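Commentary on secondary and tertiary structure
What follows is the residue order along each chain.
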Protein chains: 2
Amino acid sequence: MRSAPPIERLVSNLKRLPGIGEKSATRLAFFLLGANETQVQELSDAIARVKKDIVLCEECFDLTDHSPCAVCRDPARETGVVCVVEEPADLAAVERAGGFRGRYHVLGGTLSPIDGIGPEALRIAELEARVERCAVQEIILATNPNAEGDATAHLIADRLRGRGVRLTRIAYGMPLGGDLEYTDHVTIGRSLENRREID
Amino acid sequence: MRSAPPIERLVSNLKRLPGIGEKSATRLAFFLLGANETQVQELSDAIARVKKDIVLCEECFDLTDHSPCAVCRDPARETGVVCVVEEPADLAAVERAGGFRGRYHVLGGTLSPIDGIGPEALRIAELEARVERCAVQEIILATNPNAEGDATAHLIADRLRGRGVRLTRIAYGMPLGGDLEYTDHVTIGRSLENRREID
């Protein structure tokens, strides 16, 4: 015997989410069964509506309910500094970190020859056009610190070199709260290389 | 700036689920934004419908779409052995483990004087009535191995003693795949106490 079909159906739907296995899905399903009707309905609605209400920003390609997005519409944000990220989730992470007052450009992925993703599949031409069109002084390449992210950052840097725009890459080093004992040697090596004076 | 309102709304709804923090909620939200329409709609529907389509089994008090539930309706399951659990999720865990061919009784919680939950808030009277009504030979007390679960098991054993029903408690010991180094001393103590001959 298994659980009742409506519970099984919910569990199998929840299991398709990233990071949610059989156990978590079952725990979530039983939690929802015990939760109040309003909370359950709100969650269901929020899921159903999120895709319908969201479009891509015509300027930076972030997900937004209104194009251009809030950052691109905000006159207080510097137009001269553009932070290039792989995905909307990366943009959200930089915004959550706070402190960055420039604009963004979402590539929509990274180079990945193994999956057949070449430069034409990313929004690199759109970034080049944006550098021409707006007075961009600095491009911060904030693709992820792995082989694909590095390759993508280097390709973009090659394409934009010689156009009078400053090209920077986010820093590599020890994460805050990290532990040398459990950190890979490449990160430790970069962290030593990029050491700074204590002031 | 934060994400677009429909995304924020979804993240804040997901964050109310147990074990889902800000980061997981954001990851799930972006996953759903990238998932196909059908998958997202199915998840939304499964959540909306699960509470509407589920009732309590009149016999064992498990959650079911049809009372009596599949276990209580199944003539192949022994009526003489009743496994007493705290919650429907515990029943589901025992069923997933397989091998148990008896019936269940869901208490709906444990004794918890600190939260004002006394014996009358649990389905103990219903269990007593069931022992009288059906020919129950054994009650397996499968409440959780913690203070509340133990207290509840003992209370039920006290109530049912002298009625000719065998009263058993699930075994304590080392979990499979566990490591003595990281196991608490009470569990190790119980595991030694309950040691068995190797055959």
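Source: prediction; values computed, not measured.

What counts, and where the lines are drawn
- Residues numbered from 1 in each chain as written.
- Chains lettered and ligands numbered in written order.
- Predicted model: local features only at pLDDT ≥ 70, side-chain atom pairs only at ≥ 80, totals over all residues.
- Heavy atoms only, no water.
- Core = buried A, V, L, I, M, F, W, Y, C linked by side-chain atoms within 4.5 Å.
- Buried < 20%, exposed > 50% of the residue type's maximum accessible area, 1.4 Å probe, protein only.
- Helix = DSSP H or I, 4+ residues; strand = E, 2+ residues; numbered from the N terminus.
- Contact = heavy atoms within 4.5 Å.
- Pairing = 2+ DSSP bridges.
- Right-handed = clockwise from strand over helix to strand, strands pointing away.
- Domains from an automatic or database assignment.
- Axes fitted to C-alpha atoms, helices over the stretch in contact; angles between N-to-C directions.
- Lys, Arg positive; Asp, Glu negative; His and termini not counted.
- Salt bridge = Lys/Arg side-chain N within 4 Å of Asp/Glu carboxyl O.

A few words on the nonpolar core. Counting 44 residues, the largest nonpolar core has A:Ile7 and B:Ile7 as the members making the most contacts within it. Looking at this core, the elements with two or more residues in it are helix H1 (5-14), helix H2 (22-34) and helix H3 (37-52) of chain A together with helix H1 (5-15), helix H2 (22-34) and helix H3 (37-52) of chain B. For B:Ile7, the contacting residues outside a window of four places in its chain are A:Val50, A:Ile54, A:Leu63, B:Ala29, B:Phe30 and B:Leu33.

So, on to the pairing of strand S4 (residues 103-106) of chain A. Within a regular strand, side chains alternate between the sheet's two faces. Residue and element names in this part refer to chain A. Here S4 shows no split at all, with Arg103 and His105 on one side and Tyr104 and Val106 on the other all buried. Pairing geometry for strand S3 (residues 81-85) and S4, over four bridges, is parallel. Residue pairing for S4: Val84 is matched across the bridge by His105. Taken together, S3, helix H5 (residues 88-97) and S4 constitute a β-α-β crossover, and its handedness is right-handed.

Before going further, it helps to spend a moment on the domain arrangement of chain A. In many reports, interface size means the accessible area that the parts give up when they come together. Each domain of chain A was delimited in the assignment, giving domain 1 (5-53) and domain 2 (77-169). Once you take the C-alpha centre of each, domain 1 of chain A and domain 2 of chain A turn out to be 35 Å apart.

Below, the discussion takes up unusual backbone geometry. All names here are of chain A. Residue Pro68 is reached from Ser67 by a cis peptide bond, and omega for that bond is -5 degrees. Positive phi outside glycine occurs at Phe61, with the angle close to 70 degrees. Counting through the fold element by element, Phe61 comes out in the loop between strand S1 (55-56) and strand S2 (63-64).

As a further point, take the sheet that holds strand S5 (residues 138-141) of chain B. All names here are of chain B. Pairing is parallel in the open sheet, where four strands are placed in the order S4-S3-S5-S6. In this open sheet, the two strands that pair with only one neighbour each are strand S4 (103-106) and strand S6 (166-169). Each neighbouring strand pair of the sheet contributes to a mean axis angle of 25 degrees, computed without reference to strand direction. One ladder, built from four bridges, connects S5 with S6; its direction is parallel.

Residue and element names in this part refer to chain B. Position of Arg123 relative to the elements: it lies in the loop between S4 and helix H6 (124-133). No salt bridge is formed by the buried Arg123. Its closest oppositely charged neighbour is Glu126, at 5.4 Å. The contacts of Arg123, once residues within four sequence positions are left out, are Leu56, Phe61, His105, Val106, Leu107 and Gly108.

All names here are of chain A. Read from one edge of the open sheet, four strands run S4-S3-S5-S6, paired in parallel fashion. Both edges of this open sheet fall to S4 and strand S6 (166-169), since each of them pairs with a single strand only. The mean angle between the axes of side-by-side strands here comes to 25 degrees, regardless of whether they run parallel or antiparallel. Sheet topology places S3 next to strand S5 (residues 138-141); four bridges connect them, and they run parallel. When the sheet's bridge partners are listed, Val84 is paired in S5 with Leu141. Strands in contact with H5 are S3 and S4; relative to S4, the strand with the most contacts, it is inclined by about 160 degrees. Across the sheet, helix H7 (residues 147-160) lies against S3, S5 and S6, angled at about 175 degrees from S6, the strand it touches most.

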